[in-house]
Amino acid sequence: MNFICRGALFALGLAVSFAAQAQSWPAQPIRAYIPFGAGSATDIIPRTLFDAMSKELGQTITVENKGGAGGTIGIGEVVRAKPDGYTILANSSAQTIAPFIVPNFPYDIAKNLTGALMIGQNANVLLVAPSKGWKTAQDLVAAAKAKPDTINYGSAGVGTATHISALRFSVAAGIQTTHVPYKGGAEALTDLLGGRIDFLFTPISTALPLIRDGRVVPLMVSTGTRASDLPNVPTPRDLGLVNAETAVWYAVFMPAKTPRDIVEKFHTVGMKVLATPEMQAKMKKLAVDPLPMTTAELDKFVVSELANNGKLIKAAGIAPK
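In this text the structure is predicted, and so the values were computed from the model without any measurement.

J.: Quick question: what am I supposed to make of the side chain of Thr48 here?
T.: Within the secondary structure, Thr48 is located in helix 2 (residues 41-57). A polar contact of 2.8 Å, which involves the side chain of Thr48, links it to the backbone oxygen of Ile44. With residues near it in sequence (within four places) discarded, Thr48 still touches Met279, Lys282, Met283 and Leu286.

J.: Explain the packing of helix 7 (residues 161-173) against helix 12 (residues 295-316) to me, please; I cannot follow it from the model alone.
T.: Two packed helices can be described by the angle between their axes and the distance between those axes. Packing of helix 7 against helix 12 leaves a shortest axis separation of 11 Å and a crossing angle of 70°. In terms of their interaxial angle, helix 7 and helix 12 are classed as roughly perpendicular. Crossing hand, helix 7 versus helix 12: left-handed. In this structure, helix 7 contributes Ile164, Leu167, Arg168 and Val171 to the contact, and helix 12 contributes Asn308, Asn309, Leu312, Ile313 and Ala316. Classifying every residue of the contact of helix 7 with helix 12 gives 6 nonpolar, 2 polar and 1 charged.

J.: Explanation requested: helix 6 (residues 137-146) in the structure shown.
T.: For an α-helix the count is 3.6 residues per turn, leaving residues at separations of three or four pointing the same way. Turning to helix 6, its buried residues number three or more, namely Ala137, Leu140, Val141 and Ala144. Taken around the axis of helix 6, the buried residues stretch over an arc of 95°, which confines them to a single face. In the core, the buried residues of helix 6 are packed alongside strand 5 (124-128), strand 6 (151-155), helix 7, strand 8 (199-203) and strand 9 (217-221).

J.: In this structure, what is going on with the sheet that holds strand 7 (residues 177-181)? I would like to understand it.
T.: Sheet strands pair by backbone hydrogen bonding; their relative direction is either parallel or antiparallel. With mixed pairing, 5 strands are arranged side by side in an open sheet as 7-6-8-5-9. Sheet topology places strand 7 and strand 9 at the edges, where each strand pairs with a single neighbour. Ignoring which end each strand starts from, the neighbouring axes of this sheet average 30° apart. When strand 6 meets strand 7, the two strands line up parallel, connected through 5 bridges.

J.: What should I look at first to understand the pattern of salt bridges in this one?
T.: Side-chain pairs of opposite charge can arise whenever the charged atoms involved come near each other. Here the structure, examined in full by the defined rule, presents 11 salt bridges. Glu64 is paired through a salt bridge with Lys66; the nearest N and O atoms lie 3.7 Å apart. A salt bridge links Arg226 to Asp238; the nearest nitrogen and oxygen atoms lie 3.0 Å apart. Here Arg226 is found in the loop between strand 9 and strand 10 (248-255), whereas its partner Asp238 is found in the loop between strand 9 and strand 10, with 12 residues between them in sequence. Through salt bridges that share partners, Arg31, Glu64, Lys66 and Glu77 make up one connected network.

J.: What am I meant to see in the pairing of strand 8 here?
T.: Every regular strand shows the same layout, with side chains that alternate between the two sheet faces. Counting buried positions along strand 8 yields 4 of 5 residues, so the element is predominantly enclosed. Pairing analysis gives 2 bridges linking strand 6 to strand 8, with the strands arranged parallel. By the bridge assignment, Gly154 is partnered in strand 8 with Leu200.

J.: What should I look at first to understand the environment of Tyr86 in this one?
T.: Structurally, the position occupied by Tyr86 is in the loop between helix 3 (72-79) and strand 3 (87-92). In this structure Tyr86 touches Trp25, Pro26, Ala27, Gln28, Pro29, Ile30 and Arg31, once residues within four positions along its chain are discounted.

J.: Sorry if this is basic, but what is going on with the packing of aromatic side chains here?
T.: For any pair of aromatic rings, geometry is given as the distance between the ring centres together with the angle between the planes. Enumeration over the complete set of coordinates arrives at 9 aromatic pairs. Each ring, one from Trp25 and one from Tyr86, has its centre 6.4 Å from the other, and the planes form 50°; the classification is tilted. Taken together, the residues Trp25 in the loop between helix 1 (3-24) and strand 1 (30-34) and Tyr86 in the loop between helix 3 and strand 3 connect sequence positions 61 residues apart. Exposure remark for Tyr86: the relative accessible area of 12% places this residue in the buried category. A network of ring pairs unites the aromatic residues Tyr153, Phe169, Phe199 and Phe201 as a single cluster.

Calculation rules
Residues numbered from 1 in each chain as written. Predicted model: local features only at pLDDT ≥ 70, side-chain atom pairs only at ≥ 80, totals over all residues. Heavy atoms only, no water. Helix = DSSP H or I, 4+ residues; strand = E, 2+ residues; numbered from the N terminus. Polar contact = N/O pair within 3.5 Å; in protein donor to acceptor, adjacent residues only side chain to side chain. Contact = heavy atoms within 4.5 Å. Axes fitted to C-alpha atoms, helices over the stretch in contact; angles between N-to-C directions. Parallel < 35°, antiparallel > 145°, perpendicular 65-115°, else oblique. Left-handed = near helix turned anticlockwise from the far one by under 90°. Nonpolar A, V, L, I, M, F, W, Y, C, P; charged D, E, K, R; others polar. Buried < 20%, exposed > 50% of the residue type's maximum accessible area, 1.4 Å probe, protein only. Arc of directions from axis to C-beta. Pairing = 2+ DSSP bridges. Salt bridge = Lys/Arg side-chain N within 4 Å of Asp/Glu carboxyl O. Phe/Tyr/Trp six-rings, centres within 6.5 Å; stacked < 30°, edge-to-face > 60°.

Coordinates in, geometry out; function isn't part of it.
Written out as structure tokens, the structure is:
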């Protein structure tokens with residue numbers, strides 16, 4: 001038997017093996033790593049979905065929070081795992097920001113991971129305190145242009161989605177603003193209410209109670225479409241702002257060499273669960289809007305997000321720390 005023939009038979013055997021593996025998958029519990037601490041949206045949203053998916057798959061999806069080092073510890077657990085569908089990563093848009101702000105980021109997100117399921121997205125909302133007197137985003141922009149470098153904004157930390165949303169808004173609006181990073185969103189929100197910072201982007205789910213009580217004024221949502229919970233609040237596009245849109249998205253990934261049949265099976269089950277009225281109600285309560293994508297579209301989306309965020313962070317002169 002010549003070398004070419006043996007190679008062809010080996011490849012055929014490998015393909016048959018992968019097909020059989022995918023057909024029987026999952027035959028044991030699946031471990032999901034979340035690269036942030038418990039209680040965050042990046043933790044709560046996937047957990048909510050995984051509980052329901054476990055029943056559909058017939059195997060438990062156990063969740064382990066593995067935070068630290070800008071998410072690299074949890075990501076590394078999945079990148080280094082055997083690509084058999086039993087180790088998955090649940091992460092957010094932070095995954096496409098971290099490579100540009102974490103020193104010597106050790107992974108190539110686009111090459112080391114493959115997209116398995118887009119769960120959905122949250123909009124951030126631009127908030128100001130009523131005491132500022134700004135009723136619209138145009139009012140804020142006018143104030144910033146009238147007195148350059150006098151307007152500041154808070155965030156949950158350098159490179160977080162709240163920081164990127166504010167940065168994109170400032171660049172698109174042509175205003176010069178000062179970033180005040182906090183250790184978390186709660187501290188930034190406290191200082192916004194106290195008037196110590198001028199504006200803040202924060203997840204809608206966090207902001208809704210304060211908006212309803214009139215303690216903050218919503219000026220703009222960060223996504224390209226209006227948020228279902230704030231239908232009267234304009235988008236960047238509504239305001240004529242170009243390249244100002246950002247969203248906090250949540251998705252599931254697997255090691256890059258995971259057999260496609262397994263990736264697609266996970267995706268199909270996930271989409272089925274997301275489409276149920278029960279899960280839609282739970283996601284709405286968490287202020288998560290649908291963002292349906294195929295696995296191929298998710299991979300392309302990640303590449304696009306990496307390019308856009310890298311360009312913005314470089315232009316802003318944000319150095320890894």
